[in-house]
Amino acid sequence: MKHVYIKVYNSGVLQRVFYDFTFSSFTEVLHGGLGFCSVVIPEKFDDFGYGTQVANDYELRIIVNRGGEDVTVYSGRIEEIEAGVTDKESVIIHCYGYTIELANNIHEDAGKVKFNYSSQELSDILRDILDKHAASLATAKVTYTASSLLDTSTNISFKTFASTVLEALQSVIQRAPSNWYSRVDADNVFHFREISATPDH
């Protein structure tokens, strides 16, 4: 049996758990990440903890528990909280996946916004862009690991000026071999790897 529930965090600290809710489907795109999601909580707006347990900019995770193991299927930043459209007996929470932080922040290094990468391993450029993002934004969520971002054995030269982090990443990815892909998963880990020749299960 599987159970689905929501956890809300503020700076990594658990604030609230919801077991009773409904949500629309959310999107996940190749070379992207998780998109928009709305959840409906069947509680009165004045009673459910607005501004304390649940607030804008808090993190919302949708979690599936299978056989005692929690699996995060969605993680996003709360953008808006409103009372139900037809009555005040429910609360609607609107979220965006954390790829939005890549689209809303400039690729920079202590104010420097012009970069010239000369004949470098493509994946090293991706790592540098993500490292600079993490250094410039204290609340950055998107990260990578040694096993999630792999080398392509392809060197490229690349220039960027006043690009967003997402624009810089996408410009590099466009220069990758055609059988490579990227995505940001529900744990906000950036993946870049070769498409498997056989189906993954």
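A. Representation of the nonpolar core within the structure. Counting 23 residues, the largest nonpolar core has Leu126, Ile129, Leu169, Val172, Phe190 and Phe192 as its most contacted members. Those elements that provide at least two residues to this core are β8 (114-121), α2 (122-136), β9 (155-161), α3 (165-173), β10 (180-184) and β11 (190-194). Ignoring anything within four residues of it in the chain, the contact list for Phe192 reads Leu122, Ser123, Leu126, Ser148, Leu149, Leu150, Thr152, Ile173, Ala176, Trp180, Tyr181 and Ser182. Listed in part, the 21 residues of the second largest apolar core include Val8, Ile62, Ile81 and Cys95.

B. Focus on the pattern of salt bridges. Inspection of every chain in the model, using the stated rule, returns eight salt bridges. Note that Glu43 and Arg16 form a salt bridge whose closest N and O atoms lie 2.7 Å from each other. Of this pair, Glu43 sits in the loop between β4 (36-41) and β5 (59-66) while Arg16 sits in strand β2 (residues 13-18); the two residues are 27 residues apart in sequence, bridging distant segments of the chain. For Glu43, a relative accessible area of 24% gives the class partly exposed. When its relative accessible area of 19% is taken as the criterion, Arg16 is described as buried. Note that Arg77 is salt-bridged to Glu79, the shortest N-O span being 2.6 Å. Residue Glu79 is classed as partly exposed on the basis of its relative accessible area, which comes to 28%.

Reading the values: the criteria
- Residues numbered from 1 in each chain as written.
- Predicted model: local features only at pLDDT ≥ 70, side-chain atom pairs only at ≥ 80, totals over all residues.
- Heavy atoms only, no water.
- Core = buried A, V, L, I, M, F, W, Y, C linked by side-chain atoms within 4.5 Å.
- Buried < 20%, exposed > 50% of the residue type's maximum accessible area, 1.4 Å probe, protein only.
- Helix = DSSP H or I, 4+ residues; strand = E, 2+ residues; numbered from the N terminus.
- Contact = heavy atoms within 4.5 Å.
- Salt bridge = Lys/Arg side-chain N within 4 Å of Asp/Glu carboxyl O.

That's the geometry; what it means functionally is another story.
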